[in-house]
Structures are given as structure tokens and as C-alpha cells.
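Observations on chain architecture
The residues making up each chain are set out below.
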Amino acid sequence: QVKIDTDRAERTEKLQGMGCKRKRVEDIRFTQGKGSYVDDLKLPGMLFGDFVRSPHAHARIVSIDTSRAKALPGVIAVLTAADLKPLGLHYMPTLAGDVQAVLAEEKVLFQNQEVAFVIAEDRYIASDATELVDVVYEALPCIVDPFKSMLPDAPILREDIQDKMVGAHGPRKHPNHIFEWQIGDKQATDDVFAKADVTIKEMLVDHRTHPSPLETCQSVASFDKVKGELTLWGTFQAPHVIRTVVSLISGLPEHKIHVIAPDIGGGFGNKVGAYAGYVCSVVGSIVLGVPVKWVEDRMENLSTTSFARDYHMTTELAATKDGKILGMRVHVLADHGAFDACADPSKWPAGFMNICTGSYDIPVAHLLVDGVYTNKASGGVAYRCSFRVTEAVFAIERAIEVLAQKLGMDAAELRIKNFIKAEQFPYHSALGWEYDSGDYHTAMKKAMDAIDYKALRAEQAEKREAFKRGETRELMGIGISFFTEIVGAGPAKNCDILGIAMFDSAEIRIHPTGSVIARMGTKSQGQGHETTYAQIIATELGIPADDIMIEEGNTDTAPYGLGTYGSRSTPVAGAATAVAARKIKAKAQMIAAHMLEVHEGDLEWDIDRFRVKGLPEKFKTMKEIAWSAYNAPPPNLEPGLEAVNYYEPPNMTYPFGAYFCVMDIDVDTGVAKTRRFYALDDCGTRINPMIIEGQVHGGLTEAFACAMGQEIRYDEMGNVMGASFMDFFLPTAVETPKWETDFTVTPSPHHPIGAKGVGESPHVGGVPCFSNAVNDAYAFLDAGHIQMPHDAWRLWQVGERLGLHG
Ligand code: PCD
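Residues numbered from 1 in each chain as written. Predicted model: local features only at pLDDT ≥ 70, side-chain atom pairs only at ≥ 80, totals over all residues. Heavy atoms only, no water.

**Section: the overall build of the chain**
A tally of helices and strands in the chain yields 19 helices and 36 strands. Relative to its length of 806 residues, the chain is compact, with a C-alpha radius of gyration of 28 Å against a globular reference of 28 Å. Within the span of the chain, comprising 806 residues, buried residues form 62% of the whole. With the model as given, the accessible surface of the chain reaches about 29,500 Å², and the carbon-plus-sulfur share is 55%. (Helix = DSSP H or I, 4+ residues; strand = E, 2+ residues; numbered from the N terminus. Rg over C-alpha atoms; globule rule 2.2 N^0.38 Å. Buried < 20%, exposed > 50% of the residue type's maximum accessible area, 1.4 Å probe, protein only. Areas by Shrake-Rupley, 256 points an atom, 1.4 Å probe, with all protein chains shown as cover.)

**Considering the site of the ligand**
Inspection of the region around the ligand gives 35 residues, with Ala-382, His-529, Gly-566, Gln-695 and Val-758 positioned closest. Between a nitrogen atom of the ligand and a main-chain N or O atom of Ile-687, the distance comes to 3.1 Å. Listed by contribution, the elements that provide at least two residues to the shell around the ligand are helix H14 (529-541), helix H15 (569-596) and helix H17 (689-708). Split into classes, the residues belonging to the shell around the ligand amount to twelve nonpolar, 19 polar and four charged. (Near = heavy atom within 4 Å. Polar contact = N/O pair within 3.5 Å; in protein donor to acceptor, adjacent residues only side chain to side chain. Nonpolar A, V, L, I, M, F, W, Y, C, P; charged D, E, K, R; others polar.)

**Things to note about the sheet that holds strand E22 (residues 474-484)**
What the four strands build is an open sheet, ordered E22-E32-E33-E36; its pairing is mixed. For this open sheet the edge positions go to E22 and strand E36 (740-743), each flanked by a neighbour on one side alone. Within this sheet the neighbouring strands show an average axis-to-axis angle of 15°, counted without direction. Of the strand pairs in this sheet, strand E32 (residues 656-666) and strand E33 (residues 672-682) are connected by ten bridges, and their pairing is antiparallel. Each residue of the ladder has a partner; that of Asp-664, found in E33, is Lys-673. With respect to the sheet, helix H13 (residues 453-468) is in contact with E22, E32 and E33, its orientation differing from that of E22 by roughly 145°. Sheet contacts for helix H18 (residues 761-779): E22, E32 and E33; angle to E22, the most-contacted strand, approximately 150°. (Pairing = 2+ DSSP bridges. Axes fitted to C-alpha atoms, helices over the stretch in contact; angles between N-to-C directions. Contact = heavy atoms within 4.5 Å.)

**Points about the packing of helix H11 (residues 411-418) against helix H12 (residues 440-451)**
Put simply, H11 and H12 touch, their axes get as near as 10 Å, and they point 160° apart. By the angle class used here, H11 and H12 are roughly antiparallel. Considering the relative orientation of H11 and H12, their crossing is left-handed. Only His-441, Met-444 and Met-448 of H12 make contact with H11, whose side of the interface consists of Ala-412, Arg-415 and Ile-416. (Parallel < 35°, antiparallel > 145°, perpendicular 65-115°, else oblique. Left-handed = near helix turned anticlockwise from the far one by under 90°.)

**Remarks on helix H10 (residues 389-407)**
Residue pairs spaced three or four apart in an α-helix point in one direction, given the helix's 3.6 residues per turn. Compared with an ideal rise of 1.5 Å per residue, which puts 19 residues at 27 Å, H10 spans 27 Å between its outermost C-alpha atoms and is within 8% of the ideal. At the C-terminal side of H10, Gly-408 shows a positive phi close to 70°. (Expected span 1.5 Å × (residues − 1).)

**Considerations on the sheet that holds strand E11 (residues 177-184)**
Backbone-to-backbone hydrogen bonds pair the strands of a sheet. The strands run either parallel or antiparallel. Ordered by their spatial adjacency, five strands build an open sheet running E11-E19-E18-E17-E12, and the pairing between neighbours is mixed. Edge strands, defined here as strands with exactly one partner in the open sheet, are E11 and strand E12 (198-206). Sheet twist, expressed as the average angle between the axes of neighbouring strands with direction ignored, equals 10°. Inspection of the sheet shows strand E17 (residues 311-319) paired to strand E18 (residues 325-335) by nine bridges, in the antiparallel sense.

**A closer look at the packing of aromatic side chains**
Across all of its chains, the model carries 35 aromatic pairs by this definition. Ring geometry for Tyr-360 against Phe-419: centres 5.8 Å apart, planes inclined by 5°, an arrangement best described as stacked. With Tyr-360 in the loop between E18 and strand E19 (364-372) and Phe-419 in the loop between H11 and strand E20 (427-428), the pair connects residues that are 59 residues apart, well separated along the chain. Take Phe-419: its relative accessible area is 2%, and that puts it in the buried class. Centroid distance Phe-483 to Tyr-659: 5.0 Å. Interplanar angle 65°. Geometry classified as edge-to-face. Of this pair, Phe-483 sits in strand E22 while Tyr-659 is found in strand E32, placing the two residues 176 residues apart along the sequence. On the basis of relative accessibility, which here comes to 1%, the residue Phe-483 falls in the buried class. In textbook terms, an aromatic cluster arises when at least three aromatic residues are bridged by ring pairs, as seen for Phe-483, Tyr-659, Phe-677, Phe-704, Phe-729, Trp-739 and Phe-770. Sitting over the face of the ring of Phe-193, Arg-329 holds its NZ or CZ atom 4.1 Å from the ring centroid. Here Arg-609 stacks its cationic end above the ring of Phe-619, 4.0 Å away from the centre of that ring. (Phe/Tyr/Trp six-rings, centres within 6.5 Å; stacked < 30°, edge-to-face > 60°. Lys NZ or Arg CZ within 6 Å of the ring centre and 35° of its normal.)

This is the structure we're talking about:
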């Protein structure tokens, strides 16, 4: 028996399957500079494109003169809206049902908007030539404050649609209004508020920021005039969707478009949308018949291709005196910039903002979102969150702290009192979701024990007394956040993009010698998919992960998929992978039965083989079965061993977590130091614990950034501030706190391997945790809600406002 057990343990270990801390196979090339990115592409005859951009936030274009630019040696062409218009390409459709200017025609609507595209022999010439394009603008009054967007006398921004009073999501109340979206029971919620013992109301601003992958957005388009085929390489988180969009807007048949996303240097939501640069490189290549490359610089990236957040959330809670939450009411003013180019599933103009009741059993709720246009860049991407979940969690997790303070109750205790209980799952939330599984009380208890919450509060009480006595100038804050994410978009009934249901796919092919290639509809940008999908297959099929190659990002070879964002790869494509593997396994069983001359039902699976029940020495390994599948398949069974699965998830998955932050703030300088940050995550079954830890570190670092300083701000003229790393806070190892990670495991009941997503969780939970820590530090001084970002300058101002500086 001992021998058999060690043998089984050895065989299991050899697979490096699920649950094992397998080293990331892609890092072998990444750490040696052998990754292959879009900008590494050098094609014969390739030209380079660069944009002429508007210095104004809002202006009429009086004239564009390209003659000086065209005269510069090395310049091949200069495209303007006038060139694109006859092709119907001066506007492109957005994922949110709006249109967006590819090159500005009569007006520019935000600073750095694309006005002309210069194509030249090299990047430097193209860049020089952009300065020779003479554009005459007539400046117009601009709107940077979304609260002024719908004033009666506000300047009309979108003249192209000013008469269109019904938008993609219903009636528009004003020419600068995009949509109104509501969900929940308004009457019942209002009734609860009218009668409640205690209510709170706070304007919570989740400020505008931007994902900042190290690699910016870029593309290379190569049109073959003879074959009529277009190959488009690009930094695409969703290559198949890009292929469909290119086909729809160019009129090229989809099978003649080859979209390839090579290695990608980070995405974080920035690379989901379709951008003017992609369109212009494609048009340039079609017109000129040679490849055209477009590569964004850092300023262009931060100021044009997408933005995140910019939600102004009036958040209200109603509760009993002893802290039972009775209702929630939220109004969001959503600043979507100049065009509604939000990357959300079609039916969700405000993403999954209606997850805002969070981890709590709140009987009634009502959410209303108004989207408005302003003179800012468009986008509205899910920056490390599943479609506005960071905003939603920020709203509830700040609001609950405000309520705790008003009730004079401990914030952890208030949460525990209102948690959805383990036995309530599947739980139907007041705003329409069905949470698949959770055990919040257990997670919270583990977290509180781990950080010794009681001792921290005692220490804080002492420090506060000492501060009042003037013995210290340091404030101590304890931040808590208990979040519920919603990832894995999504069931067809809820989620589609351009009418395509949000399934995902996997195709697995086993070669005669037992090695494997598997292709997915998703696309890693650094997450480690080449490592982890192989681990799923290894466990399911008993083939060592090292013998399995994962390929993504080539629309010619991969099955159609909706891509990687919203932490959907594990919940959707991960499920497809397991299901495809199980199809293969079923066929393998038939082959094994034939080989062993027994009935299929007499076989049982054992790690990497089928063995005869009761006769463990009679078996066929998966490797032997693979050979047989090609060499001597059973009669009437087709040869080969492969399968494809398109997985339509029955529900989303709901990962959750308990985060705690301990922060010390110097009131005189406003400098905040994170003393401890503890993050407990529950993402169901864990495929690769080491990768999960890395994901949590990354997500927390981006949460730290957003909460503590990262921001895209505009001045009154619509000048974008913070469009370079001089002004935009991107934490390095120097500023980043040390992270402590932990976990519980509550599998998803509907996912074939019980896994939920995890990539975004730390961001979603992290932002409110930091903000709560800061707010908690000042809470005993009656500071009121302190808005993010909490950089030293702003915290110093809080000290000024409170008269703490003497
Ligand atoms: N996992 C495991 N287990 C579990 C889960 C998960 O292991 N349970 C792992 C996987 O496999 C992978 C990762 O982890 O690898 C992740 O996953 P997920 O969660 O599923 O996710 P995905 O889909 O894959 O991804 C996505 C995400 C996102 S969304 C984001 S932002 C970010 C994250 O991811 N990004 C990034 N992370 C990251 N990392 C890196 N490195 N980079 C990047 O870019 Mo959005 O919506 O887009 O915003």
C-alpha cells in the first residue's frame, strides 16, 4: 500500500496540475528579453503613422492644411477626416452603442483628440511632420465638470447627434446627456428611507484615472492587395472581437482578416477597446498597400486611449438603531467624456454597478445612473475590475464606514452583522444578481484573527489619546474592506458584445505521442495563461503540464472567444478547457476499453491512466491511449484525439475577500505610510497559488496607486494634467507596501472545476481599503468623508482644514 501511495503521489507531482505552484513557463522568454511584442515587428516596406492632436478641449476646426507636412521628404501620406469620410470611416461605432470620431471632422471634443494621421518612412519623420500640419481652430467654451453638463445653457458638445434624443439606452434628457439607467425598487426603497431610524448620505467620488500598462497601445496593419487579405497585429485583449469590428467597419470579409495579438505587456482594461490608431493603420495600409505601424507614446496613452472611473456617487444607507441595514439608494453621475466608448457588455451602460449592495443582505435598493458627455477623453474601461465593480465596492465599503461612525458602532462588527450568511447562497441580491457561493463570516473571522483586530483598535485608541494630548503628530488608521466581485461575463441572457454572446472557448488536440496543443479564445497580457491552462488540462487528462503548449491570440487558429478582461478567463475559458478535456477523456476511455478488452464501465480513472476496476496492474496511460487513437482506434470510432468546447457559463462567479490595512499618517506633512496590508482572497478552487499571489500583489499595487495619488485631472480649460509619469503616480518598489496574503476556498458550484476569477479582486477590494484607512485615521477629528486620491498634498490640506497645523 505504501508503495502504491508513493507511486501515486509521484505521478501526481509529475503532472504539475491544479493546485501546484508551477513556475510560469512564459517567464523564460519574458525575463530574457525574448518576448515578441507588436513593436518588435519589422516588415519589409513598413511605414509609420503618427497623429496630429488637438491642443484644445473644445474647438471648431476652421481649416486643415497638410501641404507643408506632405512636402517633408519621407512623408508618404496625410489622412484627415475628409479622406476617411467617403469611406464612411471618419466615425466608428463604439461598444456602448455610440459613435466616436476616428479623425475629427468639424469639431474637436477633448485635448489630444486625433485630427490627422501622418504616414512616413520612419517614426521620427512622421512625428516631425505632425508639427507641419496647419490646423486653424476656433476655441469654444468647454465642460470639464460633469455637474455642469446638463445645465440649460451648457454648450452642446456632440453636434453630430444633437437631434438624436433617443440614445442606445433610451431617451436623452439633454443634448449632453447619454443615458439614464435605473434598477431596483424605487418606491420600496424610498419608503424604507422615510421610516428608518438612521440614514446616511455621502457624495463619494471615484476619480478619473487610467490603466498604465508598460507597453502602450499599438498596431501593425498589413494589407495584401493581391489576396485582398488584411493581417492586423495589435495589443488586443479581445482579438476575435477586433476582427469582427474590423470586418463590420471595413467591409472586408471576416475570413480575410487575420488578427494576431502577440505578447502583450500588460492590459488592465486599456487594450479592450478599438482605437483611432488601429483604424488609421488599417486604412493607411489598405490605401498604400504596404504595412503601417502605429505606436502610442506615453502621453498619448494616458490622455487618449480610454480612461477609468470618473463616477460621482451619491450613496445612501438606511438602518435600524442597532445597525441592521434596511436599504440602499445610489445616484451616479457618470462622466463618460466626449464619446460613449465604455467597454461594457451591451445591456449594461454602467457595467455591473448594481453589485453595489456588496456582501450584505440588504432587502431593498435602488440605483440610478446618468451618463453625461464632457470635454474629456472617452473610454470608461474596466481598469482592473469587472465593469465598474471597483466603483460599486468603493461606494458600499465607504458608505458602511460612514454608517458605522454615525451609529457609533465598530465597522467590522457592522459588516459582520449584515453579511449574507453562508446558508443564504445562492443569494439573490436586491439589484438582480444571483451570488453563486460564499462564506463571508469564516473569511472575516480568519482575517480579523490574523491581524489581531482587537489589539489594533486598542493601540489606535491609545494613539488617539496621545495625539489629543499633543504627544504625537501621527494618526493611525485601520482600513477594512470586505468585497464581493462579480466576474466571468457572462451568461448569454445577460451579456453580449455587439450582439455576440459572451461565451468562451478552448480547443485541445492531443498528438500521437501524447503531447498537446491547446488554443483559447482568451488572451494573456501577463496573467500567466500558458502556465495555468496547462495545469487544468494536466489534471483533467493526466498529461504532464510540460507536455502541453497553450496558444492564444491568433484568430486563424484559436476558436472564437470574447477575450481576457473582467477576470473572465478562468470562469469562462477555464471552464471550456475542463469541458473540452472531459470530452477527450470520454473518448480515451472507449479507446482504453478496446485496448484492454474490457467494457468501458469496468474502467476507472487513476491520475494519468484508465485501469481495470479491481485490477490496478491492468491499465493504459493517457500516452498509450493517444498513440492508439491514431494507430489502432476501435472499430467504428474515428481516429484522433481532440475536442473543442464553447462554454456558455450558467452564471457569473462571485469571488470575495477580507482586506485590512494599517496606516500611519504624519499630519504635518500628509505623508501616509502603510504599516500592514493583509489580503484574504477566496477565488474558489485555486489553480496556481503562486500565480494567484502574484495577481494579488499586482492588483493591490494598482489599488494603492489609485487610492493614494494616481489621477487624470483636467484644469478649467480642459487641459489634461497628469498625462506623463512626472505627474501620474505609478508606484515603484520604493513606494509599494509589503503585502500579506491569505485565502479561504469556497468553490463555485456551477463551474466545472469550482474556480472563480481572481485577477481583479485585489484591486476592487484594495481601493476602498486604503481609502477607509485614511478616513479612519482622521475620523475621530470629525473630518467628514475625505475624497480620493489621498496624496500627501491633499492630506496636508485636510490637516489645514481641520486646523491641526497650529
Ligand atoms: N487563477 C488561478 N486560480 C483561480 C483564478 C485564477 O490560478 N482560481 C490564475 C489564472 O489562471 C490566471 C490568473 O490567475 O493566470 C488571472 O485569472 P483570472 O482572474 O481569470 O483573470 P484573467 O481573465 O486571466 O485576466 C484578466 C485580469 C484583468 S481583467 C486585469 S485588468 C488584470 C489581471 O488580469 N490585468 C493583468 N491581472 C493582470 N496581470 C498581468 N500580469 N497583466 C495584466 O494586464 Mo481588466 O477588465 O482588463 O480591467
